[in-house]
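These are the residues of each chain, in order.
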Amino acid sequence: MDALGAKVIRKTRLVTAVSEIFRNGLIYGGGALVLIHCHNATRTVWIDCCDDGPGIEDMALALSDGYTSGSGLGRGLGGAKRLADAFEVLSEPGIGTQVRLAGRA
Amino acid sequence: MPVRYIHVILDNERELLLKAWGSTQAEEGLIRRDLFTEREARTQTEMLYDALSKGVKASVETDLLDPDAECWDDMRAALADVTRERTKRGVSTAEMAAFVLALKYPLFERLRTTVDDSNGKVLIDAVNQFTRLIDSVSLYTTELCISERDKTIRRQQEEMMELASPVVELWDRIVAVPLVGTLDSMRAQEVMENTLSAIVDKKADIVIIDITGVLTVDTQVAQHLIRTAAAVRLMGAEAIISGISPRIAQTMVQLGVDTGEIRTRSSLRMALADAFRQLDTDVISRIAK
Amino acid sequence: MVDEIMLVAIDENINDSDIVALQDRLAEEVHANNAQGIVIDISALEIVDTFVGRIIAQLAGIGVLMDAPTYLVGMRPAVAMTLVELGMTLPAVKTARNLQHAVTRLRASR
Ligand SMILES: Nc1ncnc2c1ncn2[C@@H]1O[C@H](COP(=O)(O)OP(=O)(O)O)[C@@H](O)[C@H]1O
Ligand SMILES: [Mg+2]
């Protein structure tokens, strides 16, 4: 994002969102793989975070602020969605979870 | 075959066609002597004509006037120059498109007299192709006009945004953010950014957000104000929201907005008095003798 | 330690286990040094997510429980905006603009 000349606030928002998602991948997904793709034409950074953990049974519940199945604050998933410029979760119980998010510079 | 005819006509009858293009422009009131000298208008017309002619010449091989092909790059560049120059002086988008279209009829006239009658198909093909070409050229100039205008609008929006959310230093460690007009989410974001950086830059302990000039406060606006106040507090300063009119107070209560911890004052004056008190600053007014 | 006030400056490169370890150490240090106040400086942090945010809130909670009023200072504008967006406004944590500001407030409250 530095290369795209992003403002500090845009960078902070995206990195924080990724931090939330990656942490979930580690804690709940048992380890996660992160892919970063920088799309220069649209000045957008795309990030994919995948894990092969248990997946999310109830997506609406997981996204709602305050819900946690562990000992978190339950604000990570919903918060990351608000912080990112694009956000999508694909999850299949028993297979894993993939979160894709994007931030414009 | 058809393209060859157009090429020959454009090549051989340059003077005549330029003149005819000029007179069609004149008939349609597109000359705009008020904006351009005759010489300037002629130079522009010639420039476009020659670029067009060059493109047609390059298309003879393929016998197809494909406006997207590479050989039209020069034409696009010439058109961009002319369009920019003309719109800068106040020529409208429609006039600019008509300016280009005005070449069609003189050229068709020449085609009719050049291609003999037995060759109806060639004539129709030529007319078709040339129409497609000129139409797309005129569409292109329209696009150029619009994108120029979009650029202007975007620049003005940015300027307005900055104008509309200034942060003023009222006193040592006290800044005010007077909000005027409507507060959409883009502006709210801008206001929050400006406010927070002012806490750092101006070493402000108190930020007065004055909403006297805000037209309506709906749930979203109220939410923005509350969030801004929360962020101000996280940075170690304090926000006071001032200028809450009776009507706005009523709406906020009706909307069930929880202003919770935020300090609110009815006027900027009250807020400032409050801030002075908090920072132990005395302002003494003396009556001039 | 200055004047019975303990300064905790969080390093830019702090990792999750460091910050959890800090939590364990804080109570002991406060006790050992008889600290009357704590200032947590996070000016080095460019990113604070809900995990780190919660730990900061807990650090302050520990301070308060041990009767050492705790101030959080130096939060960057972008961090403040992001935390608010995450819904973490840290209502129970006292804040100040910088160390000096916090020390002034701590002294005034004594
Ligand atoms: N990658 C994941 N795999 C499985 N479950 C997940 C994953 N990410 C989030 N979840 C579920 O969604 C819930 C909410 O996540 P989040 O909002 O980040 O809160 P927290 O991390 O505080 O629990 C988690 O408690 C967990 O049940
Ligand atoms: Mg989480």
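Residues numbered from 1 in each chain as written. Chains lettered and ligands numbered in written order. Predicted model: local features only at pLDDT ≥ 70, side-chain atom pairs only at ≥ 80, totals over all residues. Heavy atoms only, no water.

Things to note about the overall build of chain C
Here is step 1 of the chain: In terms of helices and strands, chain C carries 4 helices and 4 strands.
Here is step 2 of the chain: Listed N to C, the secondary structure of chain C is β-α-β-α-β-α-β-α in terms of helices and strands.
Here is step 3 of the chain: In terms of principal-axis extent, the alpha carbons of chain C reach across some 35 × 30 × 20 Å.
Here is step 4 of the chain: Contacts in chain C between residues far apart in sequence, at least 24 positions, make up 80% of those at least 6 positions apart. (Helix = DSSP H or I, 4+ residues; strand = E, 2+ residues; numbered from the N terminus. Contact = heavy atoms within 4.5 Å.)

Some thoughts on the site of ligand 1
All names here are of chain A.
Here is step 1 of the chain: Residues in close proximity to ligand 1 total 17 residues, the closest being Asn24, Tyr28, Thr68, Ser69 and Gly74.
Here is step 2 of the chain: Asparagine 24 places a side-chain nitrogen or oxygen 2.8 Å from an oxygen atom of ligand 1.
Here is step 3 of the chain: At 3.1 Å, a backbone N or O of glycine 76 approaches an oxygen atom of ligand 1.
Here is step 4 of the chain: Considered class by class, the residues forming the shell around ligand 1 number 6 nonpolar, 9 polar and 2 charged. (Near = heavy atom within 4 Å. Polar contact = N/O pair within 3.5 Å; in protein donor to acceptor, adjacent residues only side chain to side chain. Nonpolar A, V, L, I, M, F, W, Y, C, P; charged D, E, K, R; others polar.)

Things to note about the side chain of B:Ser53
Residues and elements named next belong to chain B.
Here is step 1 of the chain: If you trace the backbone, serine 53 turns up in helix α3 (residues 38-59).
Here is step 2 of the chain: Take serine 53: its relative accessible area is 11%, and that puts it in the buried class.
Here is step 3 of the chain: Apart from the residues within four sequence positions on either side, serine 53 is in contact with Leu10 and Asp11. (Buried < 20%, exposed > 50% of the residue type's maximum accessible area, 1.4 Å probe, protein only.)

Quick word on the confidence of the model for chain C
Residue and element names in this part refer to chain C.
Here is step 1 of the chain: Looking at chain C, pLDDT values average 91 and 97% of them are 70 or higher.
Here is step 2 of the chain: Per-element averaging of pLDDT across chain C places helix α1 (residues 16-33) at the bottom with 88 and helix α3 (residues 77-85) at the top with 97.
Here is step 3 of the chain: With pTM at 0.71, the complex prediction returns an ipTM value of 0.94. (pLDDT = per-residue confidence, 0-100.)

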